[in-house]
Amino acid sequence: MKKIKITKVETIKPNIYQVFFDEKSKSKLSKFFISYDNTNPINKKEFEYGVMRNLYSKNDWKNSTHLSVLSWKFEEKTKGDPEKLQKYLMKKPGYDIYIVNPYEGYYRVPFIYSKFDNMWDQGEYFHPGLKKIASELFNMAGLDPKLLNKSHPKDFICYCNYWIANRKFWDLYMSYSERLYSAVNKSPDSFKEKLFFYDADVSYDKGGYFAYIFERLFTTILVEVYKSFKIKNIKLRSFR
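Computed from a predicted structure; not experimentally measured.

> So what exactly am I meant to see when it comes to the packing of aromatic side chains here?
Each aromatic ring pair is specified by the distance between its two centres and by the angle formed by the two planes. Following the criterion strictly, the structure yields 26 aromatic pairs and no others. Ring centres 5.0 Å apart and planes at 65° place the aromatic pair F74 and Y162 in the edge-to-face group. With F74 in helix α3 (residues 74-78) and Y162 in the loop between α7 (130-141) and β5 (163-166), this pair connects stretches of sequence that are 88 residues apart. The exposure classification of F74 matches that of Y162, with both residues buried. Seen in terms of ring centroids, Y125 and F126 are 4.9 Å apart; in terms of plane orientation they differ by 75°. Their pairing is edge-to-face. An aromatic cluster of at least three residues, connected via ring pairs, comprises Y56, W163, F169, W170, Y173, F218 and F229. Against the face of F229 rests K168, its NZ or CZ located 4.8 Å from the ring centre.

> Help me understand the environment of Y95, please; the structure alone is not making it clear to me.
Within the element layout of this structure, Y95 appears in the loop between α4 (82-91) and β4 (97-99). With relative accessibility at 19%, the residue Y95 sits in the buried group. If we skip the residues at most four places from it in the chain, Y95 touches H66, K230, I231 and K232.

> What is the right way to read the pairing of β5 from this model?
Every other side chain in a regular strand lies on the same face of the sheet, so the side chains alternate between the two faces. Alternating residues of β5 divide into W163 and A165 and I164 and N166, and every residue in both groups is buried. Two strands pair when backbone bridges link them, and strand β3 (residues 66-70) and β5 are joined in this way by two bridges, in the antiparallel orientation. Bridging from a neighbouring strand, L67 pairs with A165 of β5. Pairing analysis gives three bridges linking β4 to β5, with the strands arranged antiparallel. The residue of β5 that forms the bridge with I97 is A165.

> Just checking my understanding: could you explain helix α9 (residues 189-196) for this structure?
Helical periodicity: at 3.6 residues per turn, an α-helix aligns residues three or four positions apart in one direction. Those residues of α9 that fall on the buried side of the exposure criterion are F191, L195 and F196. An end-on view of α9 places all buried positions within 120° of arc, on one side of the element. What points out from α9, more than 90 degrees from its buried face, is the exposed set D189 and S190. Tucked into the core, α9 has its buried residues touching α7, α8 (167-186) and α10 (210-215).

> For this particular structure, what's the right way to read the nonpolar core?
Burial of nonpolar side chains together is a common tendency in soluble globular proteins. In this structure, F169, W170, Y173 and I213 are the most contacted members of the largest nonpolar core, which totals 70 residues. The greatest single-element share of this core, amounting to eight residues, is contributed by α8. Filtering out sequence-adjacent residues up to four positions away, W170 remains in contact with M52, Y56, W61, L67, W163 and A165.

> Any chance you could explain the side chain of N161 here in plain terms?
Turning to its location among the elements, N161 is positioned in the loop between α7 and β5. Residue N161 is classed as buried on the basis of its relative accessible area of 9%. Aside from chain neighbours lying at most four places away, what touches N161 is E48, M52, V69, L70, F214 and E215.

> Looking at this structure, how should I read the side chain of T220?
With respect to the secondary-structure elements, T220 resides in helix α11 (residues 217-225). Looking at T220, its side chain comes within polar contact range of the main-chain oxygen of R216, at 2.7 Å. Contacts of T220, omitting those with residues within four sequence positions, involve W120, L147 and H152.

> Help me out: how do you make sense of the environment of F47 in this one?
Residue placement: F47 occurs in helix α2 (residues 47-58). Between the C-alpha atom of F47 and that of F210, which follows or precedes it by 163 residues, the distance is 8.8 Å.

> Which parts of the structure should I look at to understand empty space enclosed by the protein?
A water-sized probe, rolled over the atoms, reveals where empty space remains. This structure, assessed with the given rule, holds two cavities of 30 Å³ or more. Approximately 40 Å³ is the volume found for the largest cavity. When contributions to the lining of the largest cavity are tallied by element, the ones reaching two or more residues are α8 and α11. The class makeup of the residues in the lining of the largest cavity is seven nonpolar, two polar and no charged.

So, how was this worked out
Residues numbered from 1 in each chain as written. Predicted model: local features only at pLDDT ≥ 70, side-chain atom pairs only at ≥ 80, totals over all residues. Heavy atoms only, no water. Phe/Tyr/Trp six-rings, centres within 6.5 Å; stacked < 30°, edge-to-face > 60°. Helix = DSSP H or I, 4+ residues; strand = E, 2+ residues; numbered from the N terminus. Buried < 20%, exposed > 50% of the residue type's maximum accessible area, 1.4 Å probe, protein only. Lys NZ or Arg CZ within 6 Å of the ring centre and 35° of its normal. Contact = heavy atoms within 4.5 Å. Pairing = 2+ DSSP bridges. Arc of directions from axis to C-beta. Core = buried A, V, L, I, M, F, W, Y, C linked by side-chain atoms within 4.5 Å. Polar contact = N/O pair within 3.5 Å; in protein donor to acceptor, adjacent residues only side chain to side chain. 1 Å grid on protein atoms, 1.4 Å probe; cavity = no way out; pocket = protein on both sides within 12 Å on 5 of 7 lines; lining within 4 Å. Points joined across faces, edges and corners; volume = space filled by probe spheres on them. Nonpolar A, V, L, I, M, F, W, Y, C, P; charged D, E, K, R; others polar.

Set out below in structure tokens:
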């Protein structure tokens, strides 16, 4: 009797959260994501990373394959349709990491790709002093500051924390980021002042360097470990 080859059917069950912190941001949420109330965060200046820490520890990994934390501006920044994104993910299972870079389609000749070698150089341009304080923080955490000077391939660049990943990557990501987070908490008050209260943006006041440093960790880590993961860079046109 001829043996029947059984093909394993892969599925993806992502928990994609969308954060809001007031009534205005709440009104922008999509029904195709899970809303996350961040109106009373423990630490206001931690922005998305504070939420990521909380959800990573509480996520139901037994019944979900992937986790993501998106801002309330997701549709505004990507011009994408959340329902189409969900359908796209269902059709493309089998990846450890899905990347949605919100600025991928903003320019004919992307400024961030042609002018800067990596996200840290881009950050330094818009947030002067970022690389110096990030270097100090990396040293405090026992991480190599040379990571701040490595090139970032276009397909690994991701701003705004718009990525979706399975536990394998989340575990690794958090092992890096928590070393930095611990270093932040142990740092002198003068250093915390720069991280949380210094006006680090040349265009508008959003707070200190903390958010801009942690936003760039995803790509910084991925460049080091990408060979161990199956990665899908989702082009914006795929869910518009």
